Amino acid sequence: MEQEKKLAILAEADRLISTEAPAFPIYWYATNYLIRPEVENWNPLLLNNHPYKFVRLATD
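Residues numbered from 1 in each chain as written. Predicted model: local features only at pLDDT ≥ 70, side-chain atom pairs only at ≥ 80, totals over all residues. Heavy atoms only, no water.

All right, on to the overall build of the chain then. When helices and strands are tallied, the chain shows one helix and two strands. Along its sequence from the N terminus, the chain presents helices and strands in the succession α-β-β. The principal-axis extent of the C-alpha atoms belonging to the chain is close to 70 × 25 × 10 Å. The proportion of buried residues among the 60 residues of the chain is 3%. (Helix = DSSP H or I, 4+ residues; strand = E, 2+ residues; numbered from the N terminus. Buried < 20%, exposed > 50% of the residue type's maximum accessible area, 1.4 Å probe, protein only.)

Set out below in structure tokens:
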């Protein structure tokens, strides 16, 4: 019975959201990097988490 009550509440919430706010704003973070050519092992990653222990500065 408790499960049916939860599903009914979720169905009502879904109905309210779709009638009151049918369009949801979507935002995706965008980041630009200006990296000097001497920087090695810096790669753009989807989650923007960079393992800095692999980033090196070329000494040539």
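Back to the text.
Within this model, the largest pocket holds a volume of roughly 220 Å³. As for the largest pocket, its lining consists of Trp-28, Tyr-29, Ala-30, Thr-31, Tyr-33, Pro-44, Leu-45, Leu-46, Leu-47 and Asn-48. Of the residues belonging to the lining of the largest pocket, the class tally is eight nonpolar, two polar and no charged. (1 Å grid on protein atoms, 1.4 Å probe; cavity = no way out; pocket = protein on both sides within 12 Å on 5 of 7 lines; lining within 4 Å. Points joined across faces, edges and corners; volume = space filled by probe spheres on them. Nonpolar A, V, L, I, M, F, W, Y, C, P; charged D, E, K, R; others polar.)

One pass over the structure, following the stated rule, counts two aromatic pairs. Seen from their ring centres, Tyr-33 and Trp-42 are 5.3 Å apart, and the 75 degrees between their planes marks the pair as edge-to-face. Seen in terms of ring centroids, Trp-42 and Tyr-52 are 5.8 Å apart; in terms of plane orientation they differ by 40 degrees. Their pairing is tilted. Of this pair, Trp-42 sits in the loop between β1 (39-40) and β2 (56-57) while Tyr-52 sits in the loop between β1 and β2, and the two are ten residues apart along the sequence. (Phe/Tyr/Trp six-rings, centres within 6.5 Å; stacked < 30°, edge-to-face > 60°.)

On to the environment of Lys-53, then. With respect to the helices and strands, Lys-53 occurs in the loop between β1 and β2. Residue classification places Lys-53 among the exposed residues on the basis of a relative accessible area of 62%. It is 49 Å that separates the C-alpha atoms of Lys-53 and Gln-3, two residues lying 50 residues apart in sequence.

Just geometry here; none of it tells us what the structure is for.
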